[in-house]
Each structure stands twice: as structure tokens, then as C-alpha cells.
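Each chain, written out:
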Amino acid sequence: GGERYWEVVYRCLNTNSTTNAFFDGILVCNGHYSKPLYPKIPGKEKFVGTMIHSHDYRDSQHFKGENVVILGAAASGTDIAVEISKDVNQVYLAHNGPFLPSKLPANVAQIRGISE
């Protein structure tokens, strides 16, 4: 048999110190989200604003004061909607699932998915 645990050595980027830790399980969470998938939306080529995938999102400063629509309310979409809400005018969280029961910031509105 193999080892019952994994020894992981990780480095603090601020202090450059290393720490050893032992884990019974490890989740690698980079799967299919590492390759952006853009939805097929008729007419999107006519849009002249900024369109990025959550994979490429880093911070909300680029959208300061704007009205932003986020397509999809899974983990990434919801996380970005909440984070970006502090700097933008209005966030529209567009999705076709059941509306999220969570309390969202006042300037985040859930709407149905976009068709065009």
C-alpha cells in the first residue's frame, strides 16, 4: 500500500518561510475552469464594451462606476458579483437557475439569462 497522507511543503510569499503540513486528502480545483468557455450569444460581436471571462478577472477597478452584467451565478459568478459591487454602479447577475436565496449587496440584481 501507499502512504495514508500527503506531506505538503508550502511557501509564504510575503516572508519566504516554508511550512510542512500533512493532509489525509487533497482537492485539486483547477479542472475545466482553467480553459475559459464563452457562451454563444447571438449579436455579441456588436458589443463594444469590455467582455472578459471569470478566468481572466483579477479586480474590479477596470469596471469602476459602470453597469456590469455577469453571465452565470455559480461560484465564480456569484463571488465576482459580490466583490465587484463595491466599485461599480450596478451589477446584474444573469442566470437561468433558481434565484439565489442569499442576501446580496443592494446594487446586485438577479435577472434571467441573456438571449441577445
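Residues numbered from 1 in each chain as written. Predicted model: local features only at pLDDT ≥ 70, side-chain atom pairs only at ≥ 80, totals over all residues. Heavy atoms only, no water.

### Remarks on the overall build of the protein
And step 1. Each helix and strand in the protein was counted, giving one helix and five strands.
And step 2. Classification of the 116 residues of the protein by burial places 22% in the buried group.
And step 3. Counting contacts in the protein only where the partners sit at least 6 residues apart, residues at least 24 apart contribute 20% of the total.
And step 4. On the protein, roughly 9200 Å² of surface is accessible, and the fraction owed to carbon and sulfur atoms is 55%. (Helix = DSSP H or I, 4+ residues; strand = E, 2+ residues; numbered from the N terminus. Buried < 20%, exposed > 50% of the residue type's maximum accessible area, 1.4 Å probe, protein only. Contact = heavy atoms within 4.5 Å. Areas by Shrake-Rupley, 256 points an atom, 1.4 Å probe, with all protein chains shown as cover.)

### A closer look at the layout of surface pockets
And step 1. By volume, the largest pocket amounts to about 1100 Å³.
And step 2. Forming the boundary of the largest pocket are 34 residues, of which Ile52, His53, Val69, Ile70 and Leu71 lie nearest the centre.
And step 3. Going through the elements one at a time, strand S3 (67-71) and helix H1 (75-84) are the ones with two or more residues in the lining of the largest pocket.
And step 4. Here the lining of the largest pocket is composed, by residue class, of 21 nonpolar, nine polar and four charged.
And step 5. In terms of residue class, the lining of the second largest pocket is built from six nonpolar, four polar and one charged. (1 Å grid on protein atoms, 1.4 Å probe; cavity = no way out; pocket = protein on both sides within 12 Å on 5 of 7 lines; lining within 4 Å. Points joined across faces, edges and corners; volume = space filled by probe spheres on them. Nonpolar A, V, L, I, M, F, W, Y, C, P; charged D, E, K, R; others polar.)

### A closer look at the pattern of salt bridges
And step 1. By the definition in use, this model includes one salt bridge.
And step 2. For lysine 64, the salt bridge is made with aspartate 87, and the minimal N-O distance between the two is 3.4 Å. Linking lysine 64 in the loop between strand S2 (18-23) and S3 with aspartate 87 in the loop between H1 and strand S4 (90-94), this pair joins segments that are 23 residues apart in sequence. (Salt bridge = Lys/Arg side-chain N within 4 Å of Asp/Glu carboxyl O.)

### Here we look at the sheet that holds strand S5 (residues 108-111)
And step 1. An order of S3-S4-S5 is seen for the three strands of this open sheet, with the pairing classed as parallel. The sheet is open, and its two edges are formed by S3 and S5, each paired on a single side. On average, adjacent strands in this sheet sit at an angle of 25° to one another, irrespective of strand direction.
And step 2. Where S4 meets S5, four bridges bridge the pair, whose relative direction is parallel. Counterpart to alanine 94 in the pairing with S5 is isoleucine 111. (Pairing = 2+ DSSP bridges. Axes fitted to C-alpha atoms, helices over the stretch in contact; angles between N-to-C directions.)

### Observations concerning the nonpolar core
And step 1. Formed by 13 residues in total, the largest nonpolar core has its most connected members in Ile70, Ile84 and Val91.
And step 2. Elements with a contribution of two residues or more to this core: S3, H1 and S4.
And step 3. When residues in this core are grouped by element, the largest group, three residues, is from H1.
And step 4. Other than its neighbours up to four places away in sequence, valine 91 contacts Val68, Ile70, Ala81, Ile84, Ser85, Asn107, Val108 and Ala109. (Core = buried A, V, L, I, M, F, W, Y, C linked by side-chain atoms within 4.5 Å.)

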